[in-house]
Amino acid sequence: MRIIGIVQARMGSTRLPGKVLKDLAGRSVLGWVVRAACQARAVDELVVATTAEAADDAVEAECARLGVACHRGPVDDVLTRFRGALARHPGDAVMRFTADCPLLDPEVIREAALAYRAVPGLDYLSTGLPHTLPRGTDVEIVGRAALEKADHDAAGHHRAHVTSYVYTHPGDFRIMGLTYHPDASDLRVTLDTGDDWRLIRRVAEEFGDRAVPVRALVAWLRARPDVRALNAHVRQKALREA
């Protein structure tokens, strides 16, 4: 089974423009995501899917610097962007990453890929069914056939979220959740606002320029309520708020 890792990334952001190329401990946020995916040794090829907007010329330039393939497509129809990337870089399944999650754990990425490969006929696997990891460390994999069906049937916000049509139609697909204990879903390490950035910078100051094991990250955050409080008030956008 050939799994293609696709990282969606763009400079446009309503709450924190340019976040994917912000400097985090000497490496771009996108660079942190690419490094985690590569260290996991779980995908057969890695592609960054950005937009055709002029602002994302900077993302393409960063991909060249990082030595990773880049595909450009529509701004809001991210599902079409993914299908275009998959057409140019064929595979049996896609592991989806977002470039605003610099604290991904390569071990979780590896475990997700192993679990997906171990279950024949699986259409979708996610560590978010239900959420037990900190938001910003989840991993998901969708099969090519399921992605093609979503591309054919999905409309509206499902086209912006790529996989949401699949996991919200469990009767049509074979779906599996991968859970971790103890539950740490109350923690937030995704990058969407200035307060998220302040927390993530504190993590990088503590651990340095390296991928942090999720268990070490959770233990550190549990011991530091002052750091957790930095973005505890941030509301995650609802699925329909694409």
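Chemist: How would you summarise the pattern of salt bridges if you had to cite specific residues and measurements?
Modeler: Summed over all chains, the structure comprises 21 salt bridges. One salt bridge connects Arg144 with Glu148, and the closest N-O pair in it is separated by 3.1 Å. Of this pair, Arg144 and Glu148 are both found in helix 5 (residues 144–153), 4 residues apart, which corresponds to roughly one turn of the helix. For Glu148, a relative accessible area of 32% puts it in the partly exposed group. One salt bridge connects Lys149 with Asp153, and the closest N-O pair in it is separated by 2.8 Å.

Chemist: How would you explain the side chain of Ser13 if you had to name every residue and give the values?
Modeler: Along the chain, the position of Ser13 falls in the loop between strand 1 (3–8) and strand 2 (23–24). Residue classification places Ser13 among the buried residues on the basis of a relative accessible area of 15%. Reaching out from Ser13, the side chain makes a polar contact with the backbone nitrogen of Leu16 at a distance of 3.1 Å. The contacts of Ser13, once residues within four sequence positions are left out, are Lys19 and Asp192.

Chemist: Got a sec to walk through the packing of aromatic side chains? Specific residues and values, please.
Modeler: Geometrically, a pair of aromatic rings is defined through the distance of the ring centres and the angle of the planes. Scanning all chains against the criterion turns up 3 aromatic pairs. With 5.8 Å between their ring centres and 35° between their planes, Tyr124 and Tyr167 make a pair best called tilted. In this pair, Tyr124 is assigned in strand 7 (residues 124–126) and Tyr167 in helix 7 (residues 164–167), connecting sequence segments 43 residues apart. Taking the relative accessible area as the measure of exposure, Tyr124 reaches 1% and is therefore buried. You can call Tyr167 partly exposed: its relative accessible area is 29%. Each ring, one from Tyr165 and one from Phe173, has its centre 6.4 Å from the other, and the planes form 80°; the classification is edge-to-face. Over the aromatic face of Trp32 sits the side chain of Arg35, whose NZ or CZ is 4.6 Å from the ring centroid.

The rules we used
- Residues numbered from 1 in each chain as written.
- Predicted model: local features only at pLDDT ≥ 70, side-chain atom pairs only at ≥ 80, totals over all residues.
- Heavy atoms only, no water.
- Salt bridge = Lys/Arg side-chain N within 4 Å of Asp/Glu carboxyl O.
- Helix = DSSP H or I, 4+ residues; strand = E, 2+ residues; numbered from the N terminus.
- Buried < 20%, exposed > 50% of the residue type's maximum accessible area, 1.4 Å probe, protein only.
- Polar contact = N/O pair within 3.5 Å; in protein donor to acceptor, adjacent residues only side chain to side chain.
- Contact = heavy atoms within 4.5 Å.
- Phe/Tyr/Trp six-rings, centres within 6.5 Å; stacked < 30°, edge-to-face > 60°.
- Lys NZ or Arg CZ within 6 Å of the ring centre and 35° of its normal.

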